[in-house]
Amino acid sequence: MSVTIAKNAGFCFGVDRAVELVEQAAKSGKTVATLGPIIHNRHQVGRFEEMGVKVIDTPEDAVPGTTVIIRSHGVSREVQQRLENRGVEIIDATCPFVKRIHGIVEKAEAEGRLPVIIGTRTHPEVTAIAGWCSDCRVFESPEELENWALSGEVALDTPICMVCQTTSTEFLWKMCGEIAKKQFTNLKIFDTICKATEFRQNEAAALSAKSDAMVVVGDTKSSNTGKLAQICREHCDKVFLVDNASELVPEDFCGAVTVGITAGASTPAWIIKEVNKTMSEIINV
Ligand code: F3S
């Protein structure tokens with residue numbers, strides 16, 4: 001029997017970097033807080049809590065003289081300013097791919113363009129991007145974008161700059177691009193989709209197709225972990241979604257010769273490692 005871990009299992013580059021920055025700051029002896037949970041994984045947040053890292057909800061909760069870490073989703077210009085006003089050391093763990101979008105919309109607005117953001121209005125990444133311009137529009141679907149274009153709220157030759165949430169699907173982005181190109185005559189489009197999610201999903205599909213059983217590691221409440229399990233089920237009959245190694249049941253793997261392991265974007269490497277170790281013990285019994 002053999003166990004294979006998907007190369008892109010777990011954290012993407014931006015989340016990995018953010019978690020690493022928290023770890024470094026906590027180990028350096030500073031009094032550290034993160035503005036919002038650094039990732040949606042209770043095991044990792046619990047580990048940081050044990051190291052003394054607090055989670056605060058607003059900049060006003062920050063204690064002057066301490067260190068506050070901005071998570072990978074980023075924050076608006078206004079939130080950053082409020083943090084600066086608190087007299088704290090700021091460690092900006094905004095993913096560089098997200099930071100790039102802040103720069104694009106800020107520059108576009110300074111050049112007289114109206115920023116248009118395609119994404120989920122209430123998602124922290126999108127509210128943060130919107131917060132780097134004084135006036136922008138956010139649309140969640142091609143229909144919303146088209147209705148707005150046809151509403152006459154802005155002239156069709158308005159200079160527009162269109163970007164999207166990093167986790168948007170290629171399909172949604174393509175549809176929105178087609179509508180925008182059809183409706184507006186002075187348009188700049190920046191494809192700001194991050195490929196990390198797509199890579200992870202494609203790799204999970206390929207690995208599950210050649211495995212007798214597949215283990216998906218992650219929080220059962222996480223939508224991206226659920227989506228990963230769903231993709232694996234399309235290619236493999238035995239898919240087990242586990243939160244951590246203790247949830248693996250040896251009997252589930254009877255008769256399996258090849259087992260694949262993948263993990264959601266919020267699953268730390270140490271949990272994946274533990275699952276791999278337990279899985280190897282199960283198959284060697
Ligand atoms: Fe991750 Fe940054 Fe992409 S946080 S999903 S690498 S935009």
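Before reading further, recall that the structure is shown in the block above.
Let us look at the structure shown here.

Conventions we followed
Residues numbered from 1 in each chain as written. Predicted model: local features only at pLDDT ≥ 70, side-chain atom pairs only at ≥ 80, totals over all residues. Heavy atoms only, no water. Pairing = 2+ DSSP bridges. Helix = DSSP H or I, 4+ residues; strand = E, 2+ residues; numbered from the N terminus. Axes fitted to C-alpha atoms, helices over the stretch in contact; angles between N-to-C directions. 1 Å grid on protein atoms, 1.4 Å probe; cavity = no way out; pocket = protein on both sides within 12 Å on 5 of 7 lines; lining within 4 Å. Points joined across faces, edges and corners; volume = space filled by probe spheres on them. Buried < 20%, exposed > 50% of the residue type's maximum accessible area, 1.4 Å probe, protein only. Right-handed = clockwise from strand over helix to strand, strands pointing away. Nonpolar A, V, L, I, M, F, W, Y, C, P; charged D, E, K, R; others polar. Phe/Tyr/Trp six-rings, centres within 6.5 Å; stacked < 30°, edge-to-face > 60°. Expected span 1.5 Å × (residues − 1). Arc of directions from axis to C-beta.

### Remarks on the sheet that holds strand E2 (residues 32-35)
Thought 1: Spatial strand order, E3-E2-E4-E5: four strands in an open sheet with parallel pairing. Lying at the two open borders of the sheet, with one neighbouring strand each, are strand E3 (54-56) and strand E5 (89-92). On average, each strand axis in the sheet is inclined to that of its neighbour by 30°, with strand direction left out of account.

### Comments concerning the layout of surface pockets
In this approach a probe as big as a water molecule rolls over the atoms, and the regions it shows empty are the leftover space.
Thought 1: Taken as a whole, the largest pocket encloses approximately 1200 Å³ of empty space.
Thought 2: Lining the largest pocket are 40 residues, with His 123, Thr 167, Thr 197, Asn 224 and Ala 265 sitting closest to its centre.
Thought 3: Broken down by secondary-structure element, the contributors of at least two residues to the lining of the largest pocket are helix H1 (13-27), helix H4 (96-110), helix H7 (170-183), helix H8 (196-209) and helix H9 (223-233).
Thought 4: Broken down by element, the residue count for the lining of the largest pocket peaks at five residues, all from H8.

### Concerning the pairing of strand E6 (residues 114-118)
Thought 1: In terms of burial, E6 is largely enclosed, as five of its five residues are buried.
Thought 2: Alternating positions in E6 separate into two faces, Leu 114, Val 116 and Ile 118 on one and Pro 115 and Ile 117 on the other, with burial throughout.
Thought 3: Pairing analysis gives five bridges linking E6 to strand E8 (residues 160-164), with the strands arranged parallel. Counted as the bridge partner of Leu 114 is Ile 160 from E8.
Thought 4: Inspection of the sheet shows E6 paired to strand E7 (residues 137-139) by three bridges, in the parallel sense. Bridging across to E7, Ile 117 finds its partner in Val 138.
Thought 5: Chirality of the crossover, the property in question, places the unit of E6, helix H5 (residues 124-130) and E7 among those that are right-handed.

### Comments concerning empty space enclosed by the protein
Thought 1: For the structure on display, the rule yields two cavities of 30 Å³ or more.
Thought 2: The computed volume of the largest cavity comes to approximately 40 Å³.
Thought 3: As for the largest cavity, its lining consists of Thr 34, Ile 38, Val 45, Phe 48, Glu 49, Val 53 and Val 55.
Thought 4: Counting residues per element, the lining of the largest cavity draws most heavily on helix H2 (residues 42-50), at three residues.
Thought 5: When the residues that make up the lining of the largest cavity are grouped by side-chain class, the tally is five nonpolar, one polar and one charged.
Thought 6: By volume, the second largest cavity is sized at about 30 Å³.
Thought 7: In terms of lining, the second largest cavity is formed by His 40, Asn 41, Gly 218, Asp 219, Ser 222, Asn 224, Thr 225, Gly 264, Ala 265, Ser 266 and Thr 267.

### Quick look at the packing of aromatic side chains
Thought 1: Considering all chains together, one arrives at four aromatic pairs under this definition.
Thought 2: Ring geometry for Phe 13 versus Phe 97: centroids 5.7 Å apart, planes at 55°, classification tilted. With Phe 13 in helix H1 and Phe 97 in helix H4, the pair connects residues that are 84 residues apart, well separated along the chain.
Thought 3: Look at Phe 139 and Trp 148: their rings are 5.0 Å apart centre to centre, the planes differ by 40°, and that puts the pair in the tilted class. Neither Phe 139 nor Trp 148 differs from the other in exposure class; each is buried.

### A short note on the pairing of strand E12 (residues 258-263)
Thought 1: Most of E12 sits inside the fold, with five of its six residues counted as buried.
Thought 2: Sheet topology places strand E1 (residues 2-5) next to E12; four bridges connect them, and they run parallel. Bridging across to E12, Ser 2 finds its partner in Thr 258.
Thought 3: Pairing between strand E10 (residues 213-217) and E12: five bridges, direction parallel.

### Brief notes about H4
Thought 1: Taking 1.5 Å of rise per residue, 15 residues should cover 21 Å, and H4 covers 21 Å from first to last C-alpha, within 8% of that figure.
Thought 2: When H4 is considered as a whole, its buried residues turn out to be Val 98, Ile 101, His 102, Ile 104, Val 105 and Ala 108. Looking down the long axis of H4, one finds its buried residues gathered within 160° of arc, a one-sided arrangement. Away from its buried face, by an angle of more than 90 degrees, H4 presents the exposed residues Lys 107 and Ala 110.
Thought 3: Of the residues trailing H4, Gly 112 is marked for its positive phi of about 90°.

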